[in-house]
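Residue-level structure breakdown
Here is how the chains run, residue by residue.
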Amino acid sequence: MRKRKASLHIAGFIEVNELRLGNQLKKLREEQKMSQEEVAQRLSVSVQHIHKWENNQSYPEIQHLLKLSDIYQTTIDEFIKNDATLQNKINISEEEKEDDDELFHPGFYIGIGMMFLGTFLSLIIGNLMIMMVTNIAGMLITCFYKDILKLLKDVKKDFHEQG
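Residues numbered from 1 in each chain as written. Predicted model: local features only at pLDDT ≥ 70, side-chain atom pairs only at ≥ 80, totals over all residues. Heavy atoms only, no water.

Within the protein chain one finds 9 helices and 0 strands. When the helices and strands of the protein chain are read in sequence order from the N terminus, they spell out α-α-α-α-α-α-α-α-α. Counting all 163 residues of the protein chain, 23% fall into the buried class. As displayed, the protein chain has an accessible area near 12,300 Å², and 60% of this comes from carbon and sulfur atoms. (Helix = DSSP H or I, 4+ residues; strand = E, 2+ residues; numbered from the N terminus. Buried < 20%, exposed > 50% of the residue type's maximum accessible area, 1.4 Å probe, protein only. Areas by Shrake-Rupley, 256 points an atom, 1.4 Å probe, with all protein chains shown as cover.)

Now the structure itself:
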């Protein structure tokens, strides 16, 4: 019984591993009866690049994926659909691009607004404590707005998964 469980676990690992981009690339190259050197030459990259891609040690850049899809007569879509790790990497890259422009992030304006409001109220009321508290809160919001939003989204996601 134990041997059966171990073999099922190994089979499951192999199935998951076969979905990785590197395994797809190696399989497609072998189906085309091409060597790593031939593929490297057609892509104008080193053989080490091909080796790393096929062994899931790194991913090709998008222009190389496009050329590979032509060489192997498949679509770039098929490469991406079958590799969850690559999908996550693409999603992370897209999130990083969205966050590139910090100056136009709503948290920046909310935080600056809170600091001005606190300063203005402290001048009118004459209470410096209001200015200190709102300035600190404004600075925290300005600096950590994205992190606060991410935390709230994660909490909301966890709440919905549990419910």
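Here we come to unusual backbone geometry. Outside of glycine, negative phi angles account for most residues, and trans bonds account for most peptide bonds. Positioned with a positive phi, Ser44 is a non-glycine residue whose angle comes to about 60°. Within the secondary structure, Ser44 is located in the loop between α3 (36-43) and α4 (47-54). Phi at Asn56 takes a positive value of approximately 55°, unusual for a residue other than glycine. Within the element layout of this structure, Asn56 appears in the loop between α4 and α5 (62-71).

Let's shift gears to the side chain of Gln36. Tracing the backbone through its elements, the reader meets Gln36 in helix α3. The class of Gln36 is buried, set by a relative accessible area of 18%. Those residues in contact with Gln36, other than ones at most four positions away along the chain, are Arg29, Val47, Ile50, His51 and Glu54. (Contact = heavy atoms within 4.5 Å.)

The biggest cluster of nonpolar side chains holds 17 residues, and the ones touching the most others in it are Leu43, Leu68, Tyr72 and Phe79. At the level of elements, α2 (21-31), α3, α4 and α5 are the ones that each hand at least two residues to this core. Excluding residues that lie within four positions of it along the chain, Leu68 makes contacts with Leu25, Val39, Leu43, Trp53, Pro60 and Phe79. (Core = buried A, V, L, I, M, F, W, Y, C linked by side-chain atoms within 4.5 Å.)

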